[in-house]
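What follows is the residue order along each chain.
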Amino acid sequence: MPKDSGIGASSKRREDVRFLTGTGNYTDDINLNGQAYVHFLRSDVAHGRLTSVDTSAAEAMPGVLRVFTGADFAQVGGLPCGWQVTDRHGQPMQEPAHPVLAQDKVRHVGDPIAAVVAETREQARDAAEAIVPEIEDLPAVVDMKAALEEGAPKVHDDLDSNLCYDWGFVEENRDAVAEAIETAAHVTRLELVNNRLVANAMEPRVAVGDYSRATGESTLYTTSQNPHVIRLLMGAFVLGIPEHKLRVVSPDVGGGFGSKIFHYAEEAFCTFAAKALNRPVKWTATRAEAFLSDAQGRDHVTTIELALDADNNFTAIRTETHANMGAYLSTFAPSVPTWLHGTLMAGNYRTPLIYVNVKAVFTNTVPVDAYRGAGRPEATYQLERVIDKAARELGVDPIALRRQNFVTEFPYETPVAVAYDTGDYNATMDKLEEIADFDGFAARRAESEAKGLLRGRGVNCYIEACGIAPSNLVGQLGARAGLYESATVRVNATGGITVMTGSHSHGQGHETSFAQVVADMIGIDADMVEIEHGDTANTPMGMGTYGSRSIAVGGSAMVRAAEKVIAKAKKIAAHLMEASEDDIELKDGQFSVAGTDKSVAWGDVTLAAYVPHNYPLDEIEPGLEETAFYDPANFTYPAGAYACEVEVDPETGKVTIDRFAATDDFGNVINPMIVSGQVHGGLAQGIGQALLENTVYDESGQLLSASYMDYAMPRADDMPFFAVDHSCQTPCTHNPLGVKGCGEAGAIGSPPTVVNAVVDALQRGGHDVTHIDMPLTPARVWQAMQG
Amino acid sequence: MPQVSMTVNGKPASGEVEGRTLLVEFLRENLGLTGTHVGCDTSQCGACVVHVDGQDVKACTMFAAEAEGAEVTTIEGLAEADGTLHPLQQAFQDHHGLQCGFCTPGMVMTGVALLDRNPTPSEAEIRDYLEGNICRCTGYHNIVKAIMAASGQDVSKIAAE
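Q: Where do I start with the nonpolar core in this structure?
A: One finds Val-648 of chain A together with Phe-92 of chain B to be the most contacted residues of the largest nonpolar core, which totals 185 residues. The greatest single-element share of this core, amounting to 9 residues, is contributed by helix 18 (residues 745–764) of chain A. Setting aside residues no more than four positions away along its own chain, Phe-92 of chain B makes contact with Leu-20 of chain A together with Gly-97, Leu-98, Thr-104, Met-107, Val-108, Ile-143, Ala-146 and Ile-147 of chain B. Val-517, Val-553, Ala-562 and Val-593 of chain A belong to the second-largest nonpolar core, a separate cluster that totals 47 residues.

Q: What exactly am I supposed to notice about helix 3 (residues 104–117) of chain B here?
A: Note on helix geometry: an α-helix contains 3.6 residues per turn, so any two residues three or four positions apart are oriented the same way. All names here are of chain B. With 14 residues, helix 3 extends 20 Å from end C-alpha to end C-alpha; this agrees with the ideal 20 Å at 1.5 Å per step. Across the 14 residues of helix 3, 12 count as buried, placing the element largely inside the fold. Every buried residue of helix 3 is accounted for by Thr-104, Pro-105, Gly-106, Met-107, Val-108, Met-109, Thr-110, Gly-111, Val-112, Ala-113, Leu-114 and Leu-115.

Q: Explanation requested: the packing of aromatic side chains in the structure shown.
A: Inspection of every chain in the model, using the stated rule, returns 25 aromatic pairs over all chains. Measuring from ring centre to ring centre gives 5.8 Å for Tyr-349 of chain A and Phe-406 of chain A, while their planes differ by 20°; the resulting arrangement is stacked. Residue Tyr-349 of chain A is located in the loop between strand 14 (314–326) and strand 15 (353–362), and its partner Phe-406 of chain A is located in the loop between helix 10 (398–405) and strand 16 (412–413); the two are separated by 57 residues in the primary sequence. For Tyr-349 of chain A, a relative accessible area of 1% corresponds to the buried category. Consider the rings of Tyr-412 of chain A and Tyr-420 of chain A, whose centres lie 6.0 Å apart with planes at 45°: the pair is tilted. Here Tyr-412 of chain A and Tyr-420 of chain A have matching classes, each one buried. Following the ring pairs from residue to residue traces out a cluster consisting of Phe-40, Phe-68, Phe-73, Phe-269, Phe-272 and Trp-283 of chain A. Geometry around Tyr-264 of chain A places Arg-205 of chain A over its ring, the cationic atom sitting 3.5 Å from the centre. The ring of Phe-721 of chain A has Arg-127 of chain B sitting right over it, with the charged end atom 4.9 Å from the ring centre.

Q: Teacher, can you tell me more about the domain arrangement of chain A here?
A: The figure often quoted for interface size is the accessible area lost as the parts come together. Residues and elements named next belong to chain A. Domain parsing of chain A yields domain 1 (16–23 + 484–630), domain 2 (31–138 + 202–255 + 260–293) and domain 3 (300–469 + 634–785). Distance from the C-alpha centre of domain 2 to the C-alpha centre of domain 3: 36 Å. Contacts between the two partners involve 32 residues from domain 2 and, on the opposite side, 30 residues from domain 3. Here domain 2 meets domain 3 over a buried area of about 2,500 Å², counting both sides, of which 69% is carbon and sulfur. Broken down residue by residue, the surface that domain 2 buries against domain 3 is led by Trp-83, Phe-262 and Phe-291, which jointly contribute 26%. Counting the contacts that link domain 2 with domain 3 gives 0 salt bridges. The dominant element in the side of domain 2 that touches domain 3, judged by the number of residues it contributes, is helix 8 (residues 287–293), at 5 residues. Partitioning the side of domain 2 that touches domain 3 into residue classes produces 18 nonpolar, 7 polar and 7 charged.

Q: Help me understand the interface of chain B and chain A in this model?
A: Contacts between the two partners involve 53 residues from chain B, matched on the other side by 59 residues from chain A. In this assembly, chain B and chain A are joined by 6 salt bridges. The residue Glu-29 of chain B makes a salt bridge to Arg-121 of chain A at a minimum N-O spacing of 3.4 Å. In this assembly, chain B and chain A are joined by 28 residue pairs in polar contact (both at pLDDT 80 or more). Those elements giving two or more residues to the side of chain B that touches chain A turn out to be helix 1 (23–30), helix 2 (87–94), helix 3, helix 4 (123–129) and helix 5 (141–150) of chain B. Each residue belonging to the side of chain B that touches chain A can be placed in one class, and the counts come to 21 nonpolar, 18 polar and 14 charged.

Q: What is the right way to read the packing of helix 6 (residues 227–239) of chain A against helix 7 (residues 265–277) of chain A from this model?
A: Axis angle and axis distance: for two packed helices, these are the angle between their axes and the distance between the axes, and together they describe the pair. Residue and element names in this part refer to chain A. Following both chains from N to C, one finds helix 6 and helix 7 inclined at 65°, their axes separated by 11 Å at the closest point. In terms of their interaxial angle, helix 6 and helix 7 are classed as roughly perpendicular. Relative to helix 7, helix 6 is oriented so that their crossing is right-handed. From helix 6, Ile-230, Met-234, Val-238 and Leu-239 reach across to helix 7, where they touch Glu-267, Ala-268, Thr-271 and Phe-272. Classifying every residue of the contact of helix 6 with helix 7 by side-chain character gives 6 nonpolar, 1 polar and 1 charged.

Q: So what exactly am I meant to see when it comes to the environment of Arg-247 of chain A here?
A: All names here are of chain A. Following the sequence through the fold, Arg-247 ends up in strand 11 (residues 246–249). Arg-247 has contacts with Glu-217, Ser-218, Thr-219, Leu-220, Tyr-221, Asp-535, Thr-536 and Ala-537, leaving out every residue within four places of it along the chain. A distance of 2.7 Å separates the side chain of Arg-247 from the side chain of Asp-535, its partner in a polar contact.

Q: When you look at empty space enclosed by the protein in this model, what are you seeing that I'm missing?
A: Empty space left among the atoms is revealed by rolling a probe the size of a water molecule over them. Residue and element names in this part refer to chain A. Applying the stated criterion to the full structure yields 8 cavities of 30 Å³ or more. In this structure, the largest cavity is lined by 23 residues; those nearest its centre are Leu-79, His-98, Tyr-264, Ser-293 and Pro-367. Here the lining of the largest cavity is built from residues that sort into 13 nonpolar, 7 polar and 3 charged. Residue-level mapping places the lining of the largest cavity at the junction of two domains, with at least three residues from each of domain 2 (31–138 + 202–255 + 260–293) and domain 3 (300–469 + 634–785). Taken as a whole, the second largest cavity holds about 70 Å³ of empty space. Here the lining of the second largest cavity is composed, by residue class, of 3 nonpolar, 6 polar and 5 charged.

Q: Could you clarify how one ought to interpret the state of the cysteines in this entry?
A: A covalent bond between the sulfur atoms of two cysteines is referred to as a disulfide. Here the structure, examined in full by the defined rule, presents 0 disulfides over all chains. With no disulfide partner, Cys-461 of chain A has as its closest neighbouring cysteine sulfur the one in Cys-728 of chain A, 12 Å distant.

Q: Would you take a moment to explain the pairing of strand 26 (residues 639–648) of chain A for this structure?
A: Working note: regular strand, side chains alternate between the two faces of the sheet. Residues and elements named next belong to chain A. For strand 26, a buried count of 10 out of 10 residues is recorded, marking the element as mostly surrounded by other parts of the structure. Of the two faces of strand 26, the one carrying Ala-639, Ala-641, Ala-643, Glu-645 and Glu-647 and the one carrying Gly-640, Tyr-642, Cys-644, Val-646 and Val-648 are both buried. Inspection of the sheet shows strand 18 (residues 454–463) paired to strand 26 by 10 bridges, in the antiparallel sense. Pairing of Arg-455 across the sheet is with Glu-647, part of strand 26. Once strand 26 ends, the chain turns through 6 residues before running back antiparallel as strand 27 (residues 655–665), passing Gly-653 with a positive phi of about 80°.

Q: What exactly am I supposed to notice about the sheet that holds strand 25 (residues 625–630) of chain A here?
A: For sheets, the rule is that strands pair by backbone hydrogen bonds, running either parallel or antiparallel. Residues and elements named next belong to chain A. With mixed pairing, the 4 strands of this open sheet are ordered in space as 21-20-19-25. Either end of the sheet is taken by a strand with one partner, and the two such strands are strand 21 (529–532) and strand 25. Between one strand axis and the next, the sheet turns by 15° as a mean value, whatever way the strands run. As paired elements, strand 20 (residues 497–501) and strand 21 share 4 bridges and run parallel to each other. Its bridge partner being in strand 21, Thr-498 is matched across the sheet by Glu-530. Strands in contact with helix 14 (residues 510–522) are strand 20 and strand 21; relative to strand 21, the strand with the most contacts, it is inclined by about 135°. Contacts from helix 15 (residues 550–576) reach strand 19 (485–491), strand 20, strand 21 and strand 25, with the element oriented near 145° to strand 25.

Q: Mind showing me how you'd approach the environment of Leu-477 of chain A here?
A: Relative to the helices and strands, Leu-477 of chain A resides in the loop between helix 13 (471–476) and strand 19. Residues Leu-477 of chain A and Ala-757 of chain A, 280 residues apart in the sequence, show an inter-C-alpha distance of 37 Å.

Q: Help me out: how do you make sense of the pattern of salt bridges in this one?
A: Two side chains carrying opposite charge are able to pair once their charged atoms lie near each other. All names here are of chain A. In total, this model carries 53 salt bridges over all chains according to the counting rule given. Note that Asp-72 and Arg-66 form a salt bridge whose closest N and O atoms lie 3.0 Å from each other. Take Arg-66: its relative accessible area is 30%, and that puts it in the partly exposed class.

Criteria and cut-off values
- Residues numbered from 1 in each chain as written.
- Chains lettered and ligands numbered in written order.
- Predicted model: local features only at pLDDT ≥ 70, side-chain atom pairs only at ≥ 80, totals over all residues.
- Heavy atoms only, no water.
- Core = buried A, V, L, I, M, F, W, Y, C linked by side-chain atoms within 4.5 Å.
- Buried < 20%, exposed > 50% of the residue type's maximum accessible area, 1.4 Å probe, protein only.
- Helix = DSSP H or I, 4+ residues; strand = E, 2+ residues; numbered from the N terminus.
- Contact = heavy atoms within 4.5 Å.
- Expected span 1.5 Å × (residues − 1).
- Phe/Tyr/Trp six-rings, centres within 6.5 Å; stacked < 30°, edge-to-face > 60°.
- Lys NZ or Arg CZ within 6 Å of the ring centre and 35° of its normal.
- Domains from an automatic or database assignment.
- Buried area = accessible area lost by both parts, 1.4 Å probe.
- Salt bridge = Lys/Arg side-chain N within 4 Å of Asp/Glu carboxyl O.
- Nonpolar A, V, L, I, M, F, W, Y, C, P; charged D, E, K, R; others polar.
- Polar contact = N/O pair within 3.5 Å; in protein donor to acceptor, adjacent residues only side chain to side chain.
- Axes fitted to C-alpha atoms, helices over the stretch in contact; angles between N-to-C directions.
- Parallel < 35°, antiparallel > 145°, perpendicular 65-115°, else oblique.
- Left-handed = near helix turned anticlockwise from the far one by under 90°.
- 1 Å grid on protein atoms, 1.4 Å probe; cavity = no way out; pocket = protein on both sides within 12 Å on 5 of 7 lines; lining within 4 Å.
- Points joined across faces, edges and corners; volume = space filled by probe spheres on them.
- Disulfide = S-S within 2.5 Å.
- Pairing = 2+ DSSP bridges.

Structure below.
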């Protein structure tokens, strides 16, 4: 196998040349003949009764083709929610309707009221300003706890309250956990906020709808992480278009981070309007619209208690969270604070009793859903912060306290319904102490002090559940979809291979790393393998990319399909060499008969499959193409240990990240260069959450942080170079590649690392600060230092 | 509507534009040069950086009419005619300085402008110069590394792949 193109090689990405030369094909680069443009009129109030929408002036404006309002969608389905959570009393969650265009009320700033389709983008925008909506203002609910008070204004009039669900997990443990906490030798308690974030993929969302009267087929080009999911949700639940008459294409997509998983109103609108007008209809979000319409992330308010015995062993954890759903249930919103959060509350530790309570709340804000990590960062943040606080209260070393409580024997059944298959948390911690240069900390601290700066070090462990997910399990937990993945491996006559995968790449480099896997299995150069994705017309039904699932689930499907191809190719090779199939070996692209010098090349066999002149036609069909669907047996459990050193300027409260080290156990690694890049990006997003980013609504529900002038995105000079390592590898035991997934780790592990480091710096500087809520802006840090 | 004429990537280009048409809209919509991207509406993200008369400019901050008679270079004009990448484009590939690719054209055009002005910038100078370019994928690690490498500096000591 050529060292530079198989599994384990840091192959350069084949995607790069098109992106580096401006020849990528993003959705906004697609322009269809006869294309019209839509501009959405969005609510500028957070809560109000929509009594009328006067579109007459807009309709008379130049270039306007039609103005749509909620009335046009009265007979059309609403946007569906893909996950039903059952509450602690056995009742289903409250599930409100989510119309494509507002019907009777507006429920957040940015809620679409009307849509103008015109010949040009400017004409559509100009005409939207001439629409006159009559909105009777209603008091808005923004704060979650206020939203649950008796008599609070209701976001949805037809629901009992603003409580979506009150979830308990594991409910049977509720009393036992309470008792363990009451009788513990020590209990550490912490209240904290996991700040609301906006994913902010650099490419704003875009949708282009098209319709052919000749074939009756609709096509949607959209910036999605999972085009098949959009086809299913939009076709079956919103517009009533069967899959064979609906094609969804997600070409090059400029980042997702979760925000492009969900089915959005604009996608349904463009598909609907293209048919209604018999014209392609295009929408390109402005960044301001992205802030007002992309599902946002996090926004948990939590109280966590950690109980320890007299020997500092963890005995129980109880956590109570209010989770903001926003104004509507986005596609997977209910699953994030529940099954993606509660099941990770054991972390890397042996804690026999755990109880998680989550109240999900409707407010007059933009819907909240999965954002890189989705539930797992929220679990990790509270657990790792409370452990750090406990170590300080007990006067023990925070690393020693963690090591003492690590899970060390696998498989390990947690008390929160998941079973870790493999891991070695001491190994990643050992590696961390090495690459983070713990020995040099004292000297660096002295240097900082000499400059008048406070230096602190924070450490953190994390575990996450990736490779989402076993369909039968998630079905029991309320998922309304399966979470397998698919692949077709099409071998061409002259030996080149085209793989159609249901996974979607929007920055992850699948075209490179997936090709490495297939090439490695056959022993050919990766240049002979092409990866296609993103078009429902030529890829098998797949579930797309999120939850660090692509290589673990999509890669496994591809391996299964390639195994079928190889098995068939061996039959052909056996026929060609007049040997027994059992004696055929495949190595370096050559089929040979064991114990002989007979061999045929890969290309000879593939040619025979398509030119079957000398072929076992009575045993097998011609051709060489196989499809596999892979449904994982378990989640995968990447884990690791992170360390951060910060300098805090006591005069200003400004925090500077001086060093950051990450050791991750991702199991086997296909392309180390790509894996490191995924970690870097996750770290930057987590550091952004810890220090910079915050989504701020005022009391009336106005989004104050709706541009890059107000929402502090991490920039190059906010970041250090990172030291990352993924040499500690305990392969996953239940997928064929032994891989675990690496996309979200950095964003999960880094926020508590940073906060732990800042608290450490302040404590070492003599300030009795035990917690500061993120983002740790200079103002917040300075105020905390003033007591 | 007024007519504008300029030289784009060495070739004459002209078209009718509204007074409010931005240079980036003219490049993308009129000329079909879709390599220049729009990532925000407040001139913060830098996805639209092009060179106008040798100066790096956010093409969303300039009207098309203001570029009358100018020499404009976009990401499409950076590589050699035979497809050989510019050294900074090659360094971005060699050092994995891009993931989703959306900010990449602006990053590369900004990086080229920096290296024109400062052939061997320090890490701090690079990070400072990239202040107006946002990347959400890479954490900037490999972008900074790629620019250092393209300037001939030894990056082998910088951690990780």
